[in-house]
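Report on the structure
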Amino acid sequence: DVVSTVMSTPTSSWIGGGSGQWNDSANWSDGRVPGPEDDVHIEVPNVDAEITISGQPVQVRGLYSFERITINGQSLTITGESRLFNEVSLRSNAVLLAKGAEADVSLLSTVPSGGNYRAEQSGTLRLPLLTTMLAGSFNVQSGGVIEAPALKRLMNVQVNIATSASLSVGQIEEFTLGTLTIAGG
């Protein structure tokens, strides 16, 4: 089991007994929706499951997911080590945020071409397979780091980088209809 070799014992695991909605307590092993102190494990063998975050923001310490996650108009804040092995879709201005010095979040599957990605308070967000951003934003603040080594094209993307932050990308071939802001100080 890949998760057991990397993640400490999860405090909450997806059992999928409910609606597919993150905020449905029937979907969780302990009968409650995970919160800021939880390490979450999502894996449904032999099923192509999709978990949807909508209605309210979500914050967890760690997240290891082998299933698709859709964030619809909300934010998913992760404050610890996390690995997302399947697609994460950010819809309707949704945000994926790596926050805090312990945050080390990796999206290890094909990354959709849009979304709002944030890293702040020394958090790290890794997007090794992202090649094109068609809409959305990168917002890197307060010592945050976003790594997207394969990124080549940005179209209609806002990029905001604070002085103490880092955005590491591949060799950019196209940057159109977007903005780049680098804050000094």
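In this text the structure is predicted, and so the values were computed from the model without any measurement.

Definitions and cut-offs
- Residues numbered from 1 in each chain as written.
- Predicted model: local features only at pLDDT ≥ 70, side-chain atom pairs only at ≥ 80, totals over all residues.
- Heavy atoms only, no water.
- Salt bridge = Lys/Arg side-chain N within 4 Å of Asp/Glu carboxyl O.
- Helix = DSSP H or I, 4+ residues; strand = E, 2+ residues; numbered from the N terminus.
- Buried < 20%, exposed > 50% of the residue type's maximum accessible area, 1.4 Å probe, protein only.
- Contact = heavy atoms within 4.5 Å.
- Pairing = 2+ DSSP bridges.
- Axes fitted to C-alpha atoms, helices over the stretch in contact; angles between N-to-C directions.
- Polar contact = N/O pair within 3.5 Å; in protein donor to acceptor, adjacent residues only side chain to side chain.

Quick look at the pattern of salt bridges
A side chain with one charge can pair with a side chain of the opposite charge if their charged atoms come near. Under the definition given, this model contains 12 salt bridges. The closest approach of N and O atoms between Arg-126 and Glu-147, which form a salt bridge, is 2.8 Å. Placement of Arg-126 in strand S13 (residues 124-126) and of Glu-147 in strand S16 (residues 145-148) is noted, with a sequence separation of 21 residues between them. Taking the relative accessible area as the measure of exposure, Arg-126 reaches 27% and is therefore partly exposed. When its relative accessible area of 29% is taken as the criterion, Glu-147 is described as partly exposed. Residues joined in a network through salt bridges with shared partners are Glu-81, Arg-83, Asp-104, Arg-126 and Glu-147.

Some details on the environment of Arg-118
Tracing the backbone shows Arg-118 in strand S12 (residues 114-120). Overall, the relative accessible area of 25% leaves Arg-118 in the partly exposed class. Residues Arg-118 and Ala-135, 17 residues apart in the sequence, show an inter-C-alpha distance of 14 Å. The contacts of Arg-118, once residues within four sequence positions are left out, are Val-95, Leu-96, Leu-97, Ala-98, Leu-125, Asn-139 and Ile-146.

Digging into the sheet that holds strand S9 (residues 88-91)
As summarised here, the arrangement of the three strands in space is S3-S6-S9, forming an open sheet in which the pairing is parallel. Looking at strand neighbours, the two that pair on one side only are strand S3 (50-53) and S9, the edges of this open sheet. Averaged over all neighbouring strand pairs, the angle between strand axes comes to 15 degrees, with direction disregarded. Where strand S6 (residues 68-72) meets S9, four bridges bridge the pair, whose relative direction is parallel. Following the sheet pairing, Ile-71 is matched in S9 by Leu-90.

Observations regarding the pairing of strand S15 (residues 135-140)
Alignment of S12 against S15, held across six bridges, turns out to be parallel. Residue Ala-119 lies in a different strand from S15, and its bridge partner there is Val-140. With five bridges joining them, S15 and strand S18 (residues 157-161) adopt parallel strand pairing. By the bridge assignment, Val-140 is partnered in S18 with Ile-161.

Observations regarding the side chain of Asn-27
On the secondary structure map, Asn-27 appears in the loop between strand S1 (12-13) and strand S2 (39-42). Looking at Asn-27, its side chain comes within polar contact range of the main-chain oxygen of Gln-21, at 2.8 Å. If sequence neighbours within four positions are ignored, Asn-27 has contacts with Ser-13, Trp-14, Ile-15, Gly-16, Gly-17, Gly-18, Ser-19, Gly-20 and Gln-21.

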